[in-house]
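# Survey of secondary and tertiary structure
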Amino acid sequence: MDFSELVKKRYSCRRYLPDIVEKEKIEKCIDSARLSPSACNSQPWSFIVVDDPEKLASVSDAAVSGIYGAPKLMAKSPALIVVIADKGSFMSKVGGMVRETSFFLIDIGIACEHLVLQATELGLGTCYIGWFNEKAVRKELGLKRSVTIPLIITMGYPDESHRSKDITRRLAKGDNRKPINEIMKYQ
Ligand SMILES: Cc1cc2nc3c(=O)[nH]c(=O)nc-3n(C[C@H](O)[C@H](O)[C@H](O)COP(=O)(O)O)c2cc1C
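For the structure given in this document, a descriptive report is provided here. (Residues numbered from 1 in each chain as written. Predicted model: local features only at pLDDT ≥ 70, side-chain atom pairs only at ≥ 80, totals over all residues.)

Counting through the fold element by element, Leu141 comes out in the loop between α6 (134–140) and β4 (148–156). Each C-alpha atom of the pair Leu141 and Val82 lies 9.7 Å from the other, and the pair is 59 residues apart in sequence. Sequence-distant contacts of Leu141, defined by excluding residues within four places in its chain, comprise Ile48, Val59 and Val82. (Helix = DSSP H or I, 4+ residues; strand = E, 2+ residues; numbered from the N terminus. Contact = placed C-beta atoms within 7 Å.)

Another point: the packing of helix α2 (residues 23–34) against helix α5 (residues 103–121). Helix packing geometry: the angle between the two helix axes and the distance between the axes. Relative to each other, α2 and α5 sit at 145°, their axes nearing to 7 Å. Crossing angle aside, the handedness with which α2 passes α5 is right-handed. Facing Lys28, Cys29, Ile30, Ser32 and Ala33 of α2, the residues of α5 in contact are Ala111, Cys112, His114, Leu115, Gln118 and Ala119. Its residues placed into classes, the contact of α2 with α5 shows seven nonpolar, three polar and one charged. (Axes fitted to C-alpha atoms, helices over the stretch in contact; angles between N-to-C directions. Left-handed = near helix turned anticlockwise from the far one by under 90°. Nonpolar A, V, L, I, M, F, W, Y, C, P; charged D, E, K, R; others polar.)

This paragraph deals with the environment of Pro78. Mapped onto the elements of the fold, Pro78 is located in the loop between α3 (53–63) and β2 (79–85). The class of Pro78 is partly exposed, set by 19 C-beta atoms lying within 10 Å. The sequence separation of Pro78 and Arg14 amounts to 64 residues, and the corresponding C-alpha distance is 12 Å. (Buried ≥ 20, exposed ≤ 12 C-beta atoms within 10 Å, placed from the backbone.)

Moving on: the sheet that holds β2. Reading across from one edge, β1-β2-β4-β3 is the order of the four strands in this open sheet, with antiparallel pairing throughout. At either margin of the open sheet sits one strand with a lone partner, and together these are β1 (45–50) and β3 (125–129). Strand-to-strand twist of the sheet, defined as the mean angle between neighbouring strand axes without regard to direction, takes the value 25°. Examined bridge by bridge, β2 and β4 share six bridges and lie antiparallel to one another. Bridge pairing in β4 links Ile81 to Ile153. Each of β1, β2 and β4 touches α3; the most contacted strand, β1, lies at about 120° to it. (Pairing = 2+ DSSP bridges.)

Right, let's get into the nonpolar core. In this structure, Ile81, Leu115 and Ile152 are the most contacted members of the largest nonpolar core, which totals 33 residues. At the level of elements, α2, β1, α3, β2, α5 and β4 are the ones that each hand at least two residues to this core. With nine residues, the single largest contributor to this core is α5. (Core = buried A, V, L, I, M, F, W, Y, C linked by C-beta atoms within 7 Å.)

The end-to-end C-alpha distance of α2, which contains 12 residues, comes to 16 Å, matching closely the 16 Å that a straight helix rising 1.5 Å per residue would cover. For α2, the full list of buried residues reads Ile26, Cys29 and Ala33. Projected onto a plane normal to the axis of α2, the buried residues spread over an arc of 60° and lie on a single side. Turned more than 90 degrees from where α2 packs its buried face, Glu24 and Asp31 sit exposed. In this structure, the buried residues of α2 make contact with β1, β2 and α5. (Expected span 1.5 Å × (residues − 1). Arc of directions from axis to C-beta.)

Okay, structure coming up:
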């Protein structure tokens, strides 16, 4: 698929068909994330795929517990990709401290976008979830307290009937992004 077409095709999919996502497709998405660039090539990412229906239900419950109550988006997704970040290599951490930036989070963002665009190319829908109870999810997955989970990505085959509504709404307002002359300049 042409890259600009792919970018336009991706959207935050919040309604999925109940069909399971094939493991080969999930692995292809994670392989695309694996090939992402990262500061000092520290590759500060790993991914837990939750596609067992019982586990998915318990992780979703944990994710929306406490103040994080939200529509049942996660529970109704055929798969969840739980994104795990480590703080990056020593060099990346030192560089980040000097630059007062978190290179590892930039790396995670790039890797996740690789994953999501690959999913789009395979006909899958995805949605980033940043608003969730990280502590409860960590506990549910038996992870140590030091583990950081910046994002969960929902994944499944999009319910296209819903998408067409989203698109109509979006087109009515333009593409709902800031215009290019507001976000760039030449100097
Ligand atoms: C880091 C990040 C966190 C996000 N967290 C959530 C979330 O918790 N819940 C949700 O429904 N959407 C979430 N989104 C999706 C955004 O709302 C969405 O990308 C944005 O509104 C633009 O819409 P589009 O993705 O359909 O183009 C998140 C996106 C990003 C990049």
